[in-house]
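# What the coordinates show
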Amino acid sequence: MEYSIYMPVNIQFGEGMVKRIDQFCSPKDRILFICDPVIEQMGLRKKIADNLKNSDISVFSDVEPNPSVHTVNKALRIAKENKIDLCIGLGGGSSLDTAKAVACISSADGSFEDYLYGKQVVKGRKKLILIPTTAGTGSECTCVGVYTDTEKNRKTGYRTPYFYCDTAIVDPELTYSVPSSVTAATGIDAFTHALEAYWNTSSNSLCRGAAMYACRDVLKNLYSCYEDPQNKTARSSLSNASMLGGWAFGQVRTTLIHALSFPFADYFHVPHGIACALSLVPVMRYAVSNEPDCLTELACFCSYPSTKDLIAEVENMINRMNLLSSIPDIHISPAEMRDIAEKACALEYAHLIPGDIDVERLTFLLNDFLRR
Ligand code: NAD
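Please read all numbers here as calculations on a predicted model, not as lab measurements.

## Observations regarding the domain arrangement of the protein chain
Domains assigned within the protein chain are domain 1 (10-175) and domain 2 (180-370). Each of domain 1 and domain 2 has a C-alpha centre, and these two points are 25 Å apart. Tallying the contact residues gives 25 residues for domain 1 and 26 residues for domain 2. Carbon and sulfur atoms make up 56% of the area that domain 1 and domain 2 hide from each other, which totals about 2000 Å². Taken together, the elements giving at least two residues each to the side of domain 1 that touches domain 2 come down to β1 (10-13), β6 (144-149) and β7 (154-159). Broken down by element, the side of domain 1 that touches domain 2 gets its largest block of residues, 5 residues, from β7.

Here it is, written out as structure tokens:
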């Protein structure tokens, strides 16, 4: 047995935790908050900033879902102009990922593309605090960021140990205002991270343990949060599960479902969680057909009599939350199916699912479930 774990993030979890933000900043820090327009308009960014003694605070509040390279460059300019010491990402994964890139590149030269496409390498970063307001991506505990190149119509992941933040403040109260449709999509993302960390052929006992716990808690609590956004116990469990799922997949990577979510996002332009929901059940069935025992322990831990019951519950949850109804009815031609399969199979981590996958088999699988 051989494995490595690297987790430098100071995790602060709990209801009301964000009020203690001051403990994790120096009063002299020049701060840049990075968030999206909804978080700014709700007054959430200001409410959190009011807990700080710092006088030099600037704000970039233009992050869009699936943040573009262009948006990162705009935020980067503000960070450089204000000579920031500390970047605070506040919001869903889109804002946290933008903050990660800005914290790293604002201490160096060049545009974000130079780093994303390998011309330059990240060698350091400014201080970074991440505060999630959705329970889904687990980005606060990962060394990954995901960005959209609108010119190439392509979503790309970027990985560097510098993307691990200094402090993750995970306060479930911040998720009470998340609308049900976003709760559903982000919750499925959290489940998918945990599932892919669990069955990943490069996983280890630490990650598998965290992943099992996260899968169980998403299955137990996601629908309650969807139905009753103010259910505090369920919200807290979901935030915890999301963070654990991020922690686990950040160590061992995801697998085929996430590899497919990138070309799906390019074709269908749907939120990340919905792109994951699209292939979740078919890929679970595919993995079990290759390796019948790959979900047995997880099903037992989550108190389902069999793997079949576990998969049926996931399918039931996706249907009850109407997750796939927002996918546009685009006809995907056989050539496009092959293109999606080629793009997914080109990602090394796609092959970390139980059993083998190749372009032929994946095209066949896509044909089966994309023809609705
Ligand atoms: P998001 O950040 O795009 O936010 C979705 C919507 O929810 C936005 O409109 C936002 O304004 C709203 N919202 C967020 N918090 C809210 C709150 N408390 N109250 C009301 N509205 C709120 O969504 P997301 O799913 O959290 O993040 C998706 C992005 O993260 C994608 O780009 C995805 O690829 C990426 N991602 C990153 C990682 C990682 O490890 N870095 C992992 C998975 C996904």
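## Topic: the pattern of salt bridges
Counted by the stated rule, this structure contains 16 salt bridges. Here D50 and K46 are joined by a salt bridge, their closest N and O atoms 3.1 Å apart. Across the pair K343 and D339 runs a salt bridge whose closest N-O atoms are separated by 3.2 Å. One end of the pair is K343 and the other is D339, both in helix α13 (residues 334-346) and 4 residues apart, which spans about a single turn. Accessibility expressed as a relative area gives 23% for D339, which makes it partly exposed. One continuous salt-bridge network, built from bridges that share partners, spans R338, E342 and E360.

## Looking at the environment of A265
With respect to the helices and strands, A265 occurs in helix α9 (residues 256-268). For the pair A265 and K127, spaced 138 residues apart in the sequence, the C-alpha separation amounts to 31 Å. Not counting residues up to four positions away in its chain, the partners in contact with A265 are K155, V270 and A275.

## Examining the site of the ligand
Near the ligand, the surroundings consist of 31 residues, among which S94, D97, T133, T134 and T142 are the closest. Measuring from an oxygen atom of the ligand, one finds a side-chain N or O atom of D36 at 2.9 Å. Interatomic distance of 2.8 Å between a side-chain N/O atom of S177 and a nitrogen atom of the ligand. When the ligand is considered free in solution it has 870 Å² of accessible area, and contact with the protein chains removes 91% of it. Elements that contribute at least two residues to the shell around the ligand include exactly α1 (37-41), α4 (93-105), β6 and α6 (180-199). A domain split of the shell around the ligand shows at least three residues from each of domain 1 (10-175) and domain 2 (180-370).

## A look at the sheet that holds β1
Backbone hydrogen bonds are what pair the strands of a sheet, in a parallel or an antiparallel way. The 6 strands lie next to each other as β1-β8-β5-β4-β2-β3, forming an open sheet whose pairing is parallel. A single partner strand is all that each edge strand has here, and the edge strands are β1 and β3 (57-60). For this sheet, the mean inter-axis angle between neighbouring strands, taken without regard to orientation, is 15°. Pairing of strand β2 (residues 31-34) with β3 involves 4 bridges; the strand directions are parallel.

## Examining the pairing of strand β5 (residues 127-132)
The buried fraction of β5 is high, at 5 of 6 residues. Relative to β5, strand β4 (residues 86-91) runs parallel, the two sharing 6 bridges. Along β5, the bridge assignment pairs I88 with I129. Relative to strand β8 (residues 167-170), β5 runs parallel, the two sharing 2 bridges. In the sheet register, I129 faces β8, and the bridge partner there is T167.

## Concerning the environment of L366
Take L366: it is sitting in helix α14 (residues 359-370). L366 sits in the buried class, given a relative accessible area of 0%. When sequence neighbours within four positions are dropped, the list of residues in contact with L366 reads L260, F264, M337, I340, A341 and R371.

## Focus on unusual backbone geometry
Most peptide bonds are trans, and most residues other than glycine sit at a negative phi. Here N66, not a glycine, exhibits a phi torsion of approximately 55°, which is positive. Relative to the helices and strands, N66 is located in the loop between β3 and α3 (69-81). Of note, S303 is a non-glycine position whose phi angle comes to about 65°, a positive value. The topology assignment puts S303 in the loop between α11 (296-301) and α12 (307-320). By relative accessible area, S303 is classed as exposed at 63%.

## Thoughts on helix α7 (residues 205-227)
Taking 1.5 Å of rise per residue, the 23 residues of α7 would be expected to cover 33 Å, and the 34 Å separating its terminal C-alpha atoms lies within 8% of that figure. Along α7, the sharpest kink reaches roughly 40°, centred on N221. In this structure N204 caps α7, since a side-chain oxygen of it lies 3.1 Å from the backbone nitrogen of L206.

## Considering α9
Residue pairs three or four apart in sequence face the same way in an α-helix, which turns once every 3.6 residues. Compared with an ideal rise of 1.5 Å per residue, which puts 13 residues at 18 Å, α9 spans 18 Å between its outermost C-alpha atoms and is within 8% of the ideal. Maximum bend of α9: about 25°, positioned at F262, with proline P263 one to four residues after it. Within α9, 12 of the 13 residues are buried, which leaves it mostly tucked inside the rest of the structure. Structurally, α9 contributes buried residues whose contacts are with β6, β7, α6, α10 (272-290), α13 and α14. At the C-terminal side of α9, H269 shows a positive phi close to 55°.

Definitions and cut-offs
Residues numbered from 1 in each chain as written. Predicted model: local features only at pLDDT ≥ 70, side-chain atom pairs only at ≥ 80, totals over all residues. Heavy atoms only, no water. Domains from an automatic or database assignment. Contact = heavy atoms within 4.5 Å. Buried area = accessible area lost by both parts, 1.4 Å probe. Helix = DSSP H or I, 4+ residues; strand = E, 2+ residues; numbered from the N terminus. Salt bridge = Lys/Arg side-chain N within 4 Å of Asp/Glu carboxyl O. Buried < 20%, exposed > 50% of the residue type's maximum accessible area, 1.4 Å probe, protein only. Near = heavy atom within 4 Å. Polar contact = N/O pair within 3.5 Å; in protein donor to acceptor, adjacent residues only side chain to side chain. Areas by Shrake-Rupley, 256 points an atom, 1.4 Å probe, with all protein chains shown as cover. Pairing = 2+ DSSP bridges. Axes fitted to C-alpha atoms, helices over the stretch in contact; angles between N-to-C directions. Expected span 1.5 Å × (residues − 1). Bend = angle between axes of the 7 residues up to and from the residue.

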